[in-house]
Amino acid sequence: MRFSEILRSKPEASAFLMLAVMTLLFTFLSPAFLTYNNFQIVLQPIPEIALVAIGVTILMISGEFDLSVGSVFALSPMIMVLALGAGMPLVLAMLLGLCAAIAVALINAAITLRLGLPSFIATLGTLFMARSIAIVAAGGFPPAFPRDLDLWWIVGKVDLLRVSVFWLLAIGILLGIVLRKFDFGSWIFATGGNRQAARDMGINTARVKTICFILCSSLAGFAGMIQTFRIKAMVPTMGTGFELTAIAAAVIGGAALTGGIGSVTGAVIGALLIAFIENIIILMRIDANWFRFAVGAMIVIAVAINKLTRDWAGISKQVEDDND
Amino acid sequence: MKNLTKNLGLCLTLVAGLSAANAAMAQEDNYRFTILTQTGVDNTFWQTIKRGMDDACADYKVDCQLLFNQENGNLQQHLQNLETTIAQGVDGIGTVIVEDNLYDEAIARAVDSGIPVVTLNVDDTQGADGNARLAFIGQDLFQAGYEVAKGLLVDMDKTQPQHVLLGLARPGESWAEDRIGGARKYLDEAAADGWNLTHETIDSANDLSITGQRICQYVQGNDKTTAVIGAGFWFAGAGECLRDLGIEKDQIRMGGFDLVPILLDEMNKGYVHLTVDQQPYLQGYLPIQQLYMIKKYGLSAYDANTGKALIRPDDVASVEKYVGMGVR
């Protein structure tokens, strides 16, 4: 397979290329970048960002958005921590937290699919509602985090990495296989690519989208729990603005805002790229007032290069076809 | 029997009289006060202010409302809420001033129309000279930043070079700029006295995880860092990743503001050394008390500095129960 063909057929390929180029560039810009200690820190939140980005990507492939993930990221662990405080066993408390995430997903799906409102608006509403519930549940104050939990199996340290990276890998590989090898994966692409055509093929598109909403919300809730376990604290503001980071990661990773295109690998690469960009700006000691400008500019450059690379690959294919 | 009837009649008359008096008093005191903030409802710190406000409103039997912003930090929305509150004709207003010019006209109009306005938590940087508000109840933010830097560095070796990371949680918002500005002032003064002391400011964000990450990334890239000062409590999120970097307790001194469970935990672990409690409960209670006194007795408003109390690890045990109660 030719290079241009790989770039064209795999939405994450150009993002991967970007990641490689950026890594080389950042290594040149700061000697502290490609070091053990730096990667130990940079990789810590990656599972959290990437899991949310994977959920958002899959939902975007199906043709919908979920802006409520930032609030679900706080709601699920908040319910879990409160349940732990009430004496519930850890696994049951986690399941209860995930139930809250699923409840938000079902509301999102109902408003979007039954009432016919755009998911952008529906989930904007639940973004506020879920955050409010998280605050009300805790009475406005951060609940005490239980200090005697055994959390090694979820956030324990394994040299450079945390165990949460392996959770990300397991979930990512599983969902990647589902997307590429299972009928359900094809249904998701078909639903987002052309909903009417998918219906004509006999695909229950409403069910596909509902499952994607549940998956997206559950991953956001689970990611929030991982962060809570990692920092050993729960505050109601957790995850504020996370929805935009997740969408940015998905888009950098090659997901199309119009649906039908995207990949799990791309979402993970997008999350890595955003983390690397923020990291290099800190290492380069950019002035505080310019920090957000620098992050924003780097993200725009990354997405633009990604698009230009894919456009170039498309043109190359066209030239080849014309020559043939 | 006649006496009994007479006494009963007297009692009923007395009870009826007291009820009427109470009702009249309740009616007379049924003031409506509104407190406004630029932050969202998810701000933990403001929940303690709300607790103080609610208690004062219950004590003085007045009708109170705290207006959070739907969008955290949206100052136009905050101004809109202020304008709406003035138009409602409430009996008193408490608000933050996080931008020196934005609220000047609205607050002057409210005061001119007889609505007393006090500021709480964050004031105009020019104080009474910059705005028509009657008084400020809160912390002298600049001075508090100065005290944190001074208190944090007091035990450090002045013969050795020191590098301090300043975490500006919200660039452009006066509360954060003032605190970090105060800290910077102390560091510059100490450096001018001959101490080899350098500092650098980063946008550290206001999220435990993000702030923790940014501090740790900075520290591992700048291994001369010996102290960290945060503009809020979020810097406490760095404790976990500092341990991952192999940094021992007390190796890097960290200090900042406010009291939350994770900050107290990190104090116990030896990674946070100082915090300033600005007593937000009082910032909710005192404005209502003052507005009530102004309306009921025509008393004047007065500035109140709610705190520059430095809390160190030795104090954790004594404040922990009050944090749990949501009043500190």
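Values in this document were obtained by computation on a predicted structure and should not be read as measured data.

1. Comments concerning helix α10 (residues 183-193) of chain A
All names here are of chain A.
Item 1. Of the residues making up α10, those classed as buried are Gly185, Ile188, Phe189, Thr191 and Gly192. Considered in projection along α10, the buried side chains sweep an arc of 165° and stay on one side of the axis. Projecting away from the buried face of α10 at angles above 90 degrees are the exposed residues Asp183 and Gly193.
Item 2. At its buried positions, α10 is contacted by α4 (46-61), α9 (163-181), α11 (195-200) and α12 (205-231).

2. Brief notes about the domain arrangement of chain B
Residue and element names in this part refer to chain B.
Item 1. Assigned domains within chain B: domain 1 (31-139 + 279-307) and domain 2 (142-277).
Item 2. Look at where the C-alpha atoms of domain 1 and domain 2 centre, and you get two points 30 Å apart.
Item 3. At the junction of the two partners, domain 1 supplies 12 residues and domain 2 supplies 12 residues.
Item 4. Taken together, the connections running from domain 1 to domain 2 amount to 0 salt bridges.
Item 5. Here domain 1 is connected to domain 2 by 2 residue pairs in polar contact (both at pLDDT 80 or more).

3. As for the interface of chain A and chain B
Item 1. With 40 residues of chain A at the contact, the number on the chain B side is 40 residues.
Item 2. Where chain A abuts chain B, roughly 3,500 Å² becomes buried across the two surfaces, and 53% of that area is made up of carbon and sulfur atoms.
Item 3. Its largest share of buried area at the contact with chain B, chain A owes to Ile41, Phe141 and Arg285 of chain A, together 19% of the area lost on that side.
Item 4. Where chain A packs against chain B, one counts 3 salt bridges.
Item 5. Glu240 of chain B serves as the salt-bridge partner of Lys232 of chain A, at 3.2 Å between the closest nitrogen and oxygen.
Item 6. Here chain A is connected to chain B by 10 residue pairs in polar contact (both at pLDDT 80 or more).
Item 7. Looking at the side of chain A that touches chain B, the elements with two or more residues in it are α3 (36-42), α7 (119-137), α12, α14 (264-283) and α15 (291-323) of chain A.
Item 8. Considering only residue class, the side of chain A that touches chain B consists of 17 nonpolar, 13 polar and 10 charged.

4. Some points on helix α2 (residues 44-60) of chain B
Residue and element names in this part refer to chain B.
Item 1. Helix length check: α2 (17 residues) gives 25 Å between terminal C-alpha atoms against 24 Å at 1.5 Å per residue, within 8%.
Item 2. Of all the residues in α2, the buried ones are Thr44, Phe45, Trp46, Gln47, Thr48, Ile49, Gly52, Met53, Ala56, Cys57 and Tyr60.
Item 3. Two residues or fewer after α2 comes Lys61, characterised by a positive phi angle close to 55°.

5. Re the side chain of Glu243 of chain A
Item 1. Topologically, Glu243 of chain A is positioned in helix α13 (residues 242-252).
Item 2. For the buried Glu243 of chain A, no salt bridge exists, and the shortest N-O distance to an oppositely charged side chain is 5.7 Å, to Arg131 of chain A.

6. Focus: the packing of aromatic side chains
All names here are of chain B.
Item 1. Inspection of the entire model under this criterion finds 18 aromatic pairs over all chains.
Item 2. Considering the side-chain rings of Trp175 and Trp234, the 6.2 Å spacing of their centres and the 55° angle between planes classify their relative orientation as tilted. Of this pair, Trp175 sits in helix α6 (residues 174-192) while Trp234 is found in the loop between β8 (225-230) and α8 (238-244), placing the two residues 59 residues apart along the sequence.
Item 3. A residue is classified by how much of its surface remains accessible, and Trp175, at 11% relative accessible area, is buried.
Item 4. One aromatic cluster is present, formed by Tyr31, Phe33, Tyr60, Tyr281, Tyr285 and Tyr292 through successive ring pairs.
Item 5. Over the aromatic face of Phe257 sits the side chain of Arg179, whose NZ or CZ is 4.1 Å from the ring centroid.

7. So, the sheet that holds strand β7 (residues 197-203) of chain B
Residue and element names in this part refer to chain B.
Item 1. Taking strand neighbours across the sheet as the criterion, the 6 strands line up as β7-β6-β8-β9-β10-β12 in an open arrangement whose pairing is mixed. Each edge of the open sheet carries a strand with a single partner, namely β7 and β12 (309-311). Looking at each pair of strands side by side, their axes are set apart by 20° on average, direction ignored.
Item 2. Relative to β7, strand β6 (residues 162-168) runs parallel, the two being bridged by 7 bridges. The residue bridging His163 from the neighbouring strand is Thr198, located in β7.
Item 3. Contacting β6, β7, β8, β9 (253-257), β10 (274-277) and β12, helix α5 (residues 141-153) crosses the sheet at an angle of about 160° to β9.
Item 4. Where α6 meets the sheet, its contacts fall on β6, β7, β8 and β9, and the angle it forms with β6 comes to roughly 165°.

8. Points about the pairing of β8 of chain B
All names here are of chain B.
Item 1. Across the 6 residues of β8, 6 count as buried, placing the element largely inside the fold.
Item 2. Strand direction decides the pairing type here: β6 and β8, joined by 5 bridges, are parallel. If you follow His163 over to β8, its bridge partner there is Thr225.
Item 3. The parallel pair β8 and β9 is bridged by α8, and the resulting crossover is right-handed.

9. Some remarks on the environment of Gly212 of chain B
All names here are of chain B.
Item 1. Looking at where Gly212 falls in the secondary structure, it is placed in helix α7 (residues 208-221).
Item 2. With a relative accessible area of 0%, Gly212 lands in the buried category.
Item 3. Apart from residues no more than four positions distant in its own chain, Gly212 is found in contact with Asp207, Gly237, Ala238 and Cys241.

10. Some thoughts on the pattern of salt bridges
Oppositely charged side chains can form a pair if their charged atoms are brought close together.
Item 1. This structure, assessed with the given rule, holds 15 salt bridges over all chains.
Item 2. Residue Lys224 of chain B pairs with Asp223 of chain B through a salt bridge whose shortest N-O separation is 3.7 Å. Summarising the burial analysis for this pair, Lys224 of chain B and Asp223 of chain B share the class exposed.
Item 3. Here the salt bridges do not stand alone but share partners, grouping Lys232 of chain A together with Glu240, Arg243 and Glu266 of chain B into one network.

Here is what the cut-offs are and how they apply
- Residues numbered from 1 in each chain as written.
- Chains lettered and ligands numbered in written order.
- Predicted model: local features only at pLDDT ≥ 70, side-chain atom pairs only at ≥ 80, totals over all residues.
- Heavy atoms only, no water.
- Buried < 20%, exposed > 50% of the residue type's maximum accessible area, 1.4 Å probe, protein only.
- Helix = DSSP H or I, 4+ residues; strand = E, 2+ residues; numbered from the N terminus.
- Arc of directions from axis to C-beta.
- Contact = heavy atoms within 4.5 Å.
- Domains from an automatic or database assignment.
- Salt bridge = Lys/Arg side-chain N within 4 Å of Asp/Glu carboxyl O.
- Polar contact = N/O pair within 3.5 Å; in protein donor to acceptor, adjacent residues only side chain to side chain.
- Buried area = accessible area lost by both parts, 1.4 Å probe.
- Nonpolar A, V, L, I, M, F, W, Y, C, P; charged D, E, K, R; others polar.
- Expected span 1.5 Å × (residues − 1).
- Lys, Arg positive; Asp, Glu negative; His and termini not counted.
- Phe/Tyr/Trp six-rings, centres within 6.5 Å; stacked < 30°, edge-to-face > 60°.
- Lys NZ or Arg CZ within 6 Å of the ring centre and 35° of its normal.
- Pairing = 2+ DSSP bridges.
- Axes fitted to C-alpha atoms, helices over the stretch in contact; angles between N-to-C directions.
- Right-handed = clockwise from strand over helix to strand, strands pointing away.

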